[in-house]
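A closer look at the structure
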Amino acid sequence: MERKKTDIHCHILPGIDDGARNVEVSVDLIRQQRNDGVENIVFTPHFCSDRITVEEFTEHRAAALDKLCAVPEFKDMDINVKLGAEVYYTVDIPLLDLEKLCFEKTNYILIELPTQARPHGMKRTFANVVNSGFTPIIAHVERYSYMLSDPSLLYDMIELGCLAQINAEAVLKKTKLTPMINYFIRHGLVHTMCTDCHSPHRRPANLRDGLKELERMLGENYSELFMSNAEKIFNGRPVDIGYIKKPRKILSLWL
Ligand SMILES: [Fe+2]
């Protein structure tokens, strides 16, 4: 029997960000998820504190969920959903009302970093979030040039108490970054895989393909671990990060 899957990062809620533009697209994406064996989904629309207050965001998010819940096909889809957010990093994150941005009834919060320049005050800011009782999940760690060129930065964040996820796309699309993404996973620096889906064709829900490719690359243990961690996160249970290996650089090679 196919393993139950959980996706904790996606842009399925209609009309709230650059994801599904209406309920029809939302339903198409959820259908893709169901066909892939996904049973639990956290809806994580983009939140950026420079653009909107937490209160306005939560109102928009509730309205988008209401729209989706009113669609008969959605009611018949037999899927467990929770609200969350993909919070864009600023040094002021610890000052926000983080409980409203966490995955519902959990202390997990998905945080996205800038892709090119290493953000100012990153370690101190994440340490403050952790010390306030939250567990940050760093979104799509395969995207950050400064972590790809220095994996010890990701190691430091995990050691602080953060978790990290990759998108399915990170293993499906072969690029010159593939070896470093493997390196992150083999060093225990990645804890789950998500779809980050936005639209059925351009950025689809592709968890089954992503996990299959992960199994082909590194073995079944990782896909089992990633889905078991995602389910724990969805249910607000702790994730044991297990053994993490500190990246070491010898000459110009990361070992
Ligand atoms: Fe996203």
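Since we're looking at a predicted model, the values are computed, not measured.

Take the overall build of the chain next. Tallying secondary structure elements over the chain gives 10 helices and 11 strands in all. Whereas a compact globule of 255 residues would reach a radius of gyration of roughly 18 Å, the chain reaches 17 Å, a difference of no more than 12%. When the backbone C-alpha atoms are referred to their principal axes, the chain occupies close to 60 × 45 × 30 Å. Counting over 255 residues, the chain shows a buried share of 40%. Of the contacts formed within the chain by residues at least 6 apart in sequence, a portion of 78% connects residues at least 24 apart.

Both faces of the sheet carry side chains from a regular strand, because those side chains alternate between them. Among the six residues of strand E2 (residues 38-43), five are classified as buried, and the element is accordingly described as predominantly covered. With three bridges connecting them, strand E1 (residues 5-7) and E2 associate as parallel partners. Residue pairing for E2: Asp7 is matched across the bridge by Ile41. Between the parallel elements E1 and E2, the chain passes through helix H1 (residues 23-35) in a crossover that is right-handed. Note that E2 and strand E4 (residues 80-83) share four bridges and pair parallel. If you follow Val42 over to E4, its bridge partner there is Lys82.

Each value, and the rule that gives it
Residues numbered from 1 in each chain as written. Predicted model: local features only at pLDDT ≥ 70, side-chain atom pairs only at ≥ 80, totals over all residues. Helix = DSSP H or I, 4+ residues; strand = E, 2+ residues; numbered from the N terminus. Rg over C-alpha atoms; globule rule 2.2 N^0.38 Å. Buried ≥ 20, exposed ≤ 12 C-beta atoms within 10 Å, placed from the backbone. Contact = placed C-beta atoms within 7 Å. Pairing = 2+ DSSP bridges. Right-handed = clockwise from strand over helix to strand, strands pointing away.

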